[in-house]
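# Coordinate analysis (summary)
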Amino acid sequence: MILIADCGSTKIDWCILNGTKVEKQIFTMGMNAVMLTEEEMRERLAAELMPELDTYASKIDSVYFYGAGCISTEVCSNVARAIKANIEGAEKIEVYSDLLAAARALCGHEPGIACIMGTGSNSCLYDGTGVASNVSPLGFILGDEGSGAVLGKLFLGDVLKNQLPADVAAKFLEEYSLDLLTIIRRVYREPQANRFLASVTPFISKHIDVPEIHDMVLGTFKAFFKRNVMQYTGFEAHKVNFVGSIAYHFKDVLEEAAAACGCTVGTVIKSPMEGLLKYHSA
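Residues numbered from 1 in each chain as written. Predicted model: local features only at pLDDT ≥ 70, side-chain atom pairs only at ≥ 80, totals over all residues. Heavy atoms only, no water.

## Concerning the sheet that holds strand β3 (residues 21-29)
The strand order across the open sheet built from 5 strands is β3-β2-β1-β4-β5, with neighbouring strands paired in mixed fashion. Of all the strands in the sheet, just β3 and β5 (92-97) have a single pairing partner and so form its edges. Mean inter-strand twist for the sheet, computed between neighbouring axes without regard to direction, equals 15°. Across 6 bridges, the pairing between strand β4 (residues 62-67) and β5 is parallel. Directly across from Tyr64, in β5, lies its bridge partner Glu94. (Pairing = 2+ DSSP bridges. Helix = DSSP H or I, 4+ residues; strand = E, 2+ residues; numbered from the N terminus. Axes fitted to C-alpha atoms, helices over the stretch in contact; angles between N-to-C directions.)

## A closer look at the confidence of the model for the chain
Here the chain averages 94 in pLDDT, while 100% of its residues score no lower than 70. Looking over the chain, one finds the lowest element-wise mean pLDDT in helix α5 (residues 139-142), namely 86, and the highest in helix α11 (residues 211-227), namely 98. (pLDDT = per-residue confidence, 0-100.)

## Let's talk about the sheet that holds strand β7 (residues 121-126)
The mixed open sheet is built from 5 strands, whose spatial order is β8-β7-β6-β9-β10. The sheet is open, and its two borders are formed by β8 (131-133) and β10 (265-269), each paired with just one other strand. Strand-to-strand twist of the sheet, defined as the mean angle between neighbouring strand axes without regard to direction, takes the value 35°. Its contacts with the sheet place helix α4 (residues 98-107) against β6 (112-117), β7, β8, β9 (240-243) and β10, and it is angled at close to 125° to β6. (Contact = heavy atoms within 4.5 Å.)

Here is the structure:
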C-alpha cells in the first residue's frame, strides 16, 4: 500500500492507495514545511495522522508527500525523517513540492504547462517527469499574480480608494464586518495576511458581473499569463492547465484572459488528489 499526501498550509489530504483502490482518505491540519522543525512535524504527525491510520500504518510500504514549503533538499529531508519516525515500515519515502504535485496531477507523464492558482499562484513547464522550468512566484507582495491573496489585495484597495460602486463597497464592508482600521491591522500587523486577503474572494466571485470587479480579476489573470506562462520557451505549443480554488471558481474569466494573451486553458481542477491517485496507480 502507498500513502499519498497533498499538503497545503490549511489542510493535508492523505489517501491510502491499494493498487487502484482508495482504502481510506484522511484530513489533518495543514503545515508549511519550511516553517516547522523536524521535531514539530514529527509530533504533529504522531498526534493527528497516526491515530487515523490505525491498522493501515503497518501495511504502508511507500509514502509520496507533496507539500507547501518543500523547496530544498534540507526541508524535504526533514519531512521524510518526520514521516519515517512515525511510519517505520515504509521502505520508500519521497517528498516533493506542491508544484510537482500540480504538474503530475494535471499532466500525468506528458509534458505541459501546469499552474497553481489558489491562495497563492505558481507555474512551471513540466517535461513529463519533473519541473523543467519555473518562473518564481515571488509571493503576494512582489508576484503571485491571479492568486486569491492578490485578488483580495486589489479588491480591498479598490474598496478603500472608492473605485467600486458605493453600494457594492458598503455591502462588502457590512457583510465582512470590516472598516479601514480593521483592514489595515489585518494586513500590516497580524500574521498570515495572505489568508485574510484571500478570504474575500467569495464576495468577488459572487459579484463578478460588476464591471469594475470583472475588469480587476481579468487584469490580474492577464498579468499571470504575461509574467509567468508566456516566459516559458514554446508556451504556444501547450495548453495551460490549472489546479486550485481560484482557477476553478473563476474559470470563465481565466479563459477570457488566456484568449487575450494567445493562450489556451486546458484542464482545470480544484484539488490535485484525484490526479495524483491516477498518477501513482498507473
